[in-house]
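# Notes for the structure review
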Amino acid sequence: MKESLKFIDLFCGIGGFRIGFEKNGFECVFSADNNKNCQKVYSKNFKEEVHGDIKTINLDTLPKFDVLTAGFPCQPFSISGHKKGFEDTRGTLFFDICKIIENKKPKVVVLENVKHFINHDKKRTLKTVIKSLESLGYNVVFKLLNAINFGLPQNRERIFIIASKKGVFDFNLLKSKKSKKLKDFLDSDENFDYLKNKEFTLIEKRYVKEQDSGLIFVGYRNKNGFKKGIREGTKHLNRVHRQPNRIYSTNGYHPTLPSQESAGRFFIFDENKKKVRKLSVDECYRIMGFPKNFLKSEKPGERYKQIGNSVAVNVVEEIAKQIILQKLLDDKHVHKYDVLDKMIYQDHVA
């Protein structure tokens, strides 16, 4: 019987990476996250204990694995610009990832972070991550991927950094699938948290248009702190109006679910009912690609925070599939960077 492909799930959160990789036949042999609330949810769903602090992982007892995944935190690196490799990352959690990579030498490493990671600390952070992985003997490429292009109705851009020992991951081979609109992912029952008419203002139709991102901004909550407005008929709308108070049409897509939002203030305008309501918790998990039977936190605030801090499952699922199809786990498979990979690299890092 052929041995299953194995991976470890670092900074695992509630398991978005795990779901995507397990759908492609991978076996998770180790998971770690320092957040106690995430640990509880992860353990409840996957029936195993989650290791805590990544700094306390015993490398001698860590099981053998093929792929390392990590949605690692964004930290500035104190670098002089003269050193090479992952020594530049000392004092950061990324250094601990590098120590595991150096010791265990997985065939593939998949890292995920927010869009702004590319320009973090004047691009020094990304440069150091790439230099560190290359110094450990990996071919490294990265790209911004949007959940919209993987069947999910959410404008969620995240950077994925993929390092491989043999061969180079080709992002161009990812199978894209343009998502249906938000309205196709919503529940139909009537037990929703609706706003009263006096609590919101809809923008005049002449000002409503679909953005390049697929979002359709149609209104905002009426907040006493925003009296002046930016044009006639928008006395409650301010140029710096906070995202949790903006209302989007269900005929478009939804903006990124943030990790800082614990009250679930994601408001949508139901074009059929002509009502404004909050996106439900179940709907939030659905537009992130989580399965219907996924067990959520018992704390309402944690449910929203955890899903906002997670990874879009559909994106990870396609990456895991391509890692296999591109034979990056095959010891005999070797090829060089192609022209497009170099262009992507130079365009974002230069």
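Worth saying up front: this structure is predicted, and the values here are computed from it rather than measured. (Residues numbered from 1 in each chain as written. Predicted model: local features only at pLDDT ≥ 70, side-chain atom pairs only at ≥ 80, totals over all residues. Heavy atoms only, no water.)

In terms of helices and strands, the chain carries 8 helices and 13 strands. Here the chain holds 350 residues, and 51% of them are scored as buried. Accessible surface for the chain amounts to roughly 17,800 Å². Of this, 47% is attributable to carbon and sulfur atoms. (Helix = DSSP H or I, 4+ residues; strand = E, 2+ residues; numbered from the N terminus. Buried < 20%, exposed > 50% of the residue type's maximum accessible area, 1.4 Å probe, protein only. Areas by Shrake-Rupley, 256 points an atom, 1.4 Å probe, with all protein chains shown as cover.)

This brings us to the packing of aromatic side chains. The final tally for this structure, using the stated rule, is 14 aromatic pairs. Ring geometry for phenylalanine 7 versus phenylalanine 26: centroids 6.2 Å apart, planes at 85 degrees, classification edge-to-face. Taken together, the positions of phenylalanine 7 in strand β1 (residues 6-10) and phenylalanine 26 in the loop between α1 (16-22) and β2 (27-32) put the pair 19 residues apart, joining distant regions of the chain. Look at phenylalanine 17 and phenylalanine 21: their rings are 6.5 Å apart centre to centre, the planes differ by 40 degrees, and that puts the pair in the tilted class. With phenylalanine 17 and phenylalanine 21 both in helix α1 and 4 residues apart, this pair spans about one turn of that helix. (Phe/Tyr/Trp six-rings, centres within 6.5 Å; stacked < 30°, edge-to-face > 60°.)

Sheets are built from strands paired through backbone hydrogen bonds, the pairs being either parallel or antiparallel. Strands sit in the order β2-β1-β3-β4-β7-β5 across an open sheet of 6 strands; the sheet is mixed. The sheet terminates laterally at β2 and β5 (139-146), the two strands that pair on one side only. Looking at each pair of strands side by side, their axes are set apart by 20 degrees on average, direction ignored. Bridge count between strand β4 (residues 108-114) and strand β7 (residues 157-164): 7 bridges; the pairing is antiparallel. Bridge pairing in β7 places leucine 111 opposite isoleucine 161. (Pairing = 2+ DSSP bridges. Axes fitted to C-alpha atoms, helices over the stretch in contact; angles between N-to-C directions.)

With 12 residues, helix α3 (residues 93-104) ought to run about 16 Å at 1.5 Å a step, and its terminal C-alpha atoms sit 17 Å apart, in line with that. The set of residues buried in α3 consists of Leu93, Phe94, Phe95, Asp96, Ile97, Cys98, Ile100 and Ile101. Looking at the buried positions of α3, the neighbouring elements they touch are β1, β3 (67-70), β4 and α4 (124-135). Looking one or two residues past α3, lysine 105 carries a phi angle of roughly 50 degrees, positive in sign. (Expected span 1.5 Å × (residues − 1). Contact = heavy atoms within 4.5 Å.)

The biggest cluster of nonpolar side chains holds 53 residues, and the ones touching the most others in it are Phe21, Val110, Phe160, Phe169, Phe290, Ile319 and Ile323. Those elements giving two or more residues to this core turn out to be α1, α2 (36-46), β4, β5, β7, α5 (281-286), α6 (300-308) and α7 (313-325). In terms of residue count, the dominant contributor to this core is α7 (6 residues). What phenylalanine 21 contacts, discounting residues up to four positions off in sequence, is Phe7, Phe26, Val67, Thr69, Val110, Val316, Ala320 and Ile323. (Core = buried A, V, L, I, M, F, W, Y, C linked by side-chain atoms within 4.5 Å.)

Looking now at the state of the cysteines. A full pass over the atoms with the stated rule returns 0 disulfides. In this structure cysteine 38 is a free cysteine whose sulfur lies 7.5 Å from that of cysteine 12, the closest cysteine sulfur available. (Disulfide = S-S within 2.5 Å.)

Attention now moves to the environment of asparagine 34. The residue asparagine 34 is located in the loop between β2 and α2 in this model. Assessed through its relative accessible area of 54%, asparagine 34 is described here as exposed. Along the primary structure asparagine 34 and lysine 55 are separated by 21 residues, whereas in three dimensions their C-alpha atoms are 10.0 Å apart. Ignoring anything within four residues of it in the chain, the contact list for asparagine 34 reads Gln39, Gly52 and Asp53.

Okay, the sheet that holds strand β13 (residues 275-278) next. The sheet built from 5 strands is open, its strands ordered β8-β9-β10-β12-β13 with mixed pairing. Either end of the sheet is taken by a strand with one partner, and the two such strands are β8 (200-202) and β13. Pairwise comparison of adjacent strand axes, ignoring direction, gives a mean angle of 30 degrees for this sheet. As judged from the 3 bridges shared by strand β10 (residues 246-249) and strand β12 (residues 267-270), these two strands associate in the parallel manner. The partner of tyrosine 248 across the bridge, within β12, is isoleucine 268.

Let us now look at the confidence of the model for the chain. Across the chain, the average pLDDT comes to 86, with 84% of residues at 70 or higher. Long-range and interchain partners of residues 333-350, a stretch whose pLDDT sits below 50, account for 38 contacts in this model, where long-range means more than four residues apart. (pLDDT = per-residue confidence, 0-100.)

Taken as a whole and assessed by the stated rule, the structure comprises 20 salt bridges. Put simply, lysine 115 and glutamate 157 hold a salt bridge, and the shortest N to O gap is 2.9 Å. Here lysine 115 is found in the loop between β4 and α4, whereas its partner glutamate 157 is found in strand β7, with 42 residues between them in sequence. Residue classification places lysine 115 among the partly exposed residues on the basis of a relative accessible area of 35%. Among the residues examined, glutamate 157 registers a relative accessible area of 26% and is labelled partly exposed. Across the pair arginine 206 and glutamate 204 runs a salt bridge, and its minimum N-O distance is 2.8 Å. One network of salt bridges, in which partners are shared, links Arg18, Glu22 and Glu48. (Salt bridge = Lys/Arg side-chain N within 4 Å of Asp/Glu carboxyl O.)

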